[in-house]
Amino acid sequence: MRDGVRLATDVYLQNTPGRHGVVLIRGPYDKNSRYQGLAEMAEVFNDRGLVLVTQDVRGKFRSEGVTHPYVSDVVDAYDTMDWIIGQPWCNGSIGLVGVSYLGFTVWAGIASGHPAVRGAVPQGTGVNMARHHLGSPWRQGPAPLLGADDLLQIWADNDIRYLAIDYTRAPLIDTFEEAAREIGVRPPALSDYFRRVRSGDVFNPYGDRHPYWTTDVPVLHWSNWFDVGLGPEGFSDYGFFRTGGRRDLHYLRAESADHDGVRLEDIPYDESRHPWVNDEEHRRVHQRQAFDAADFLRPLLTGSGSLPSLDHRVRWHTGHAGWRTAEDWPPAGVVRRDLFLSGAGRALDGHDGGALSTGGETERAIVTWEHDPSDPVPSSVTHDEWWTFLASYPDERDHGGRPDVLTFTSEVTTTPFDIVGSPVLKIRAATSASSMHLFAKLLDVGPDGSARPVSHGRALLDDPDLETLTPVELDTVAYRVRPGHRLRLHLASSDYPLWVRHPGTEENPWYAEQFVVNRQQALLGGLRPSRLELPVLPVDSDEGTPR
């Protein structure tokens, strides 16, 4: 690098002599580890006439330098690409690929402005992913705990460690301070994190070259519906870029899969097939990640082939139905279907609870529940399972039995329909505090009574009142509701420890030492009633094989 630091780099060369297009992948998880599967991906890129270059980012594994996420990736990407184009096997064209943090380094490489970049495939990531690791103002909404976890487990030094973290302590910041003392390393980024969550400062790793304003290369945005941690970030990026002047540079690929590539079609899931332990599945998952990326980049790096046609700009998988293509997202033909929250008296009464009905109630009714920060509604998966969500695919039927979870269930559907887009909950809510968290889970209730997640939503409601209809957007999804199934909505004020719990006071939740029980309320029925707005793509009765 320009400051003399050396970054460990592997090159998977083509068997054919000469100059070739190059794919660059940079990451913090050990480029030579089985987990990363880069050797398996290299086979795919090499088969398509491309060279693969992989690199441990600064301060990780075999690379030198200070371990500090995000801060050096733009400059280091530029310097790495400068080295690549000087090699006799490079034709001067570089494509950027990566999943998760490796996807962030894709955006960092774009932001570097290096002229050799011809295209990019960020997978399971987001332009603004840094706010997960380096803090975001708590007033922006419920904060994920994974960011602080990763600073200790991934970003303490060159290695990776696994820690058992006690999230019950207060203040929450002491949990991480104690963990840092136990491992004997205090990551520089940890101090930055807690300074930002206290001050409200937003970290910008791009300087004056934020990709939202400077991207000028074709990008295939790759997100998965069940990537509950980072999937929403990718969809937000695609939506932003498609509203701008260079909108035709952007493409979308979305699958019914989780962050680590487990697919909905693999359910019920046999743990022995998990890619972390099954070599065949491991190879399949990583090569599948490489196939579409290589096909997208090949014409940009070699001049051979072409980019997807306009009517194939968006390619997505509808859960339980198959692959589809369209010119844009959401696709043409989507209509709104309203399901009204009703039956206030039954909303806290167990599995079915109140109703998601096609007709609203004329009478107004209030349902009241308590949010006790000392006894929060537990998350249905652990932090590790968050990334392999479909391997766990939790059955949420018993969550509705708690006295602090509101439940609303629809009638059984007799004809299939597809939810395609972002469901929106519009609710009249209030709290005895000045603000509240609201978590929404949309579930598919099968004939056997199981309740499996379809989409999640979360919001901080600031000074809400029962006369204001407040929108809470759920995560984008494409999912078929099949005959014999019902939809269910769970509402709660906590989802812990995936998300930092609201203390019930105005204190910053990271620093709160006192917890106060709040009374929460939702108003149902009447004029402009609380409702769930579903984006629905009707299913033709004579529909053939999915495209």
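Our structure is the block above this text.
First, a word on what this report is: a plain description of the structure on this page. On a predicted model such as this, the values are computed, not experimentally measured, just so you know. (Residues numbered from 1 in each chain as written. Predicted model: local features only at pLDDT ≥ 70, side-chain atom pairs only at ≥ 80, totals over all residues. Heavy atoms only, no water.)

If you walk through the whole model with that rule in mind, you get 27 aromatic pairs. With a centroid separation of 6.5 Å and 65 degrees between ring planes, the pair formed by Tyr35 and Trp276 is classed as edge-to-face. Taken as a pair, Tyr35 in the loop between β2 (20-27) and α1 (38-47) and Trp276 in the loop between β7 (250-255) and α10 (279-302) lie far apart in primary sequence, 241 residues in all. For Tyr35, a relative accessible area of 40% corresponds to the partly exposed category. Centroid distance Phe176 to Phe194: 6.0 Å. Interplanar angle 45 degrees. Geometry classified as tilted. Separated by 18 residues along the polypeptide, Phe176 in helix α6 (residues 172-183) and Phe194 in helix α7 (residues 188-199) bring together distant segments of the chain. Grouping residues by exposure puts Phe176 and Phe194 together as buried. Linked through ring pairs, Tyr70, Tyr101, Phe104, Trp155 and Tyr206 together constitute an aromatic cluster. (Phe/Tyr/Trp six-rings, centres within 6.5 Å; stacked < 30°, edge-to-face > 60°. Helix = DSSP H or I, 4+ residues; strand = E, 2+ residues; numbered from the N terminus. Buried < 20%, exposed > 50% of the residue type's maximum accessible area, 1.4 Å probe, protein only.)

Once that is clear, we can look at the packing of α1 against α10. Between α1 and α10, whose axes approach to 8 Å, the crossing angle comes to 35 degrees. Between α1 and α10 the crossing geometry is right-handed. Across the interface between the two elements, Glu40, Met41, Glu43, Val44 and Phe45 from α1 touch His282, Arg283, His286, Gln287, Gln289, Ala290, Phe291, Ala293 and Ala294 from α10. (Axes fitted to C-alpha atoms, helices over the stretch in contact; angles between N-to-C directions. Left-handed = near helix turned anticlockwise from the far one by under 90°. Contact = heavy atoms within 4.5 Å.)

A few words on α7. In this model, α7 (twelve residues) spans 17 Å end to end at C-alpha, consistent with the 16 Å of a helix rising 1.5 Å per residue. Among the residues of α7, those classed as buried are Ala189, Leu190, Asp192, Tyr193, Phe194, Arg196 and Val197. Gly200, located one to two residues past α7, shows a positive phi value of around 90 degrees. (Expected span 1.5 Å × (residues − 1).)

The next thing to look at is the packing of helix α5 (residues 146-153) against α7. Running from N to C, α5 and α7 point in directions that differ by 160 degrees, and their axes come no closer than 9 Å. Between α5 and α7, the angle falls in the class roughly antiparallel. By crossing handedness, the relation of α5 to α7 is classed as left-handed. Across the interface between the two elements, Gly147, Ala148, Leu151 and Leu152 from α5 touch Ala189, Leu190 and Tyr193 from α7. Grouping the constituent residues of the contact of α5 with α7 by class yields six nonpolar, one polar and no charged. (Parallel < 35°, antiparallel > 145°, perpendicular 65-115°, else oblique. Nonpolar A, V, L, I, M, F, W, Y, C, P; charged D, E, K, R; others polar.)

Once that is clear, we can look at the sheet that holds strand β8 (residues 314-318). Read from one edge of the open sheet, nine strands run β1-β3-β2-β4-β5-β6-β7-β8-β9, paired in mixed fashion. Both outer strands of the open sheet, β1 (9-12) and β9 (322-326), are each paired with one neighbouring strand and no more. The mean inter-strand angle of the sheet, taken between neighbouring strand axes irrespective of direction, is 20 degrees. In this structure, β2 lies alongside strand β3 (residues 51-56), joined through six bridges in parallel fashion. Following the sheet pairing, Arg26 is matched in β3 by Gln55. (Pairing = 2+ DSSP bridges.)

Among the surface-exposed residues, Val11, Leu13 and Trp83 lie close enough to one another that they form a single nonpolar patch of about 260 Å² accessible area. Its place among the elements puts Trp83 in helix α2 (residues 73-85). (Patch = residues over 30% accessible without salt bridge, like charges linked within 9 Å, V, L, I, M, F, W, Y side chains within 5 Å. Areas by Shrake-Rupley, 256 points an atom, 1.4 Å probe, with all protein chains shown as cover. Salt bridge = Lys/Arg side-chain N within 4 Å of Asp/Glu carboxyl O.)

Position of Glu533 among the secondary structure elements: in strand β22 (residues 531-538). A residue is classified by how much of its surface remains accessible, and Glu533, at 8% relative accessible area, is buried. Sequence separation between Glu533 and Val121 is 412 residues, and the spatial gap between their C-alpha atoms is 32 Å. What Glu533 contacts, discounting residues up to four positions off in sequence, is Arg336, Arg337, Asp338, Pro423, Val424 and Lys426. Here the side chain of Glu533 touches Arg336 through a polar contact of 3.4 Å, side chain to side chain. At a separation of 3.0 Å, a polar atom in the side chain of Glu533 contacts the side chain of Arg531. (Polar contact = N/O pair within 3.5 Å; in protein donor to acceptor, adjacent residues only side chain to side chain.)

This brings us to the nonpolar core. One finds Phe45, Phe176, Leu425, Leu491 and Trp510 to be the most contacted residues of the largest nonpolar core, which totals 143 residues. Examining the composition of this core, we find that eight residues originate from one element, helix α3 (residues 101-111), more than from any other. (Core = buried A, V, L, I, M, F, W, Y, C linked by side-chain atoms within 4.5 Å.)

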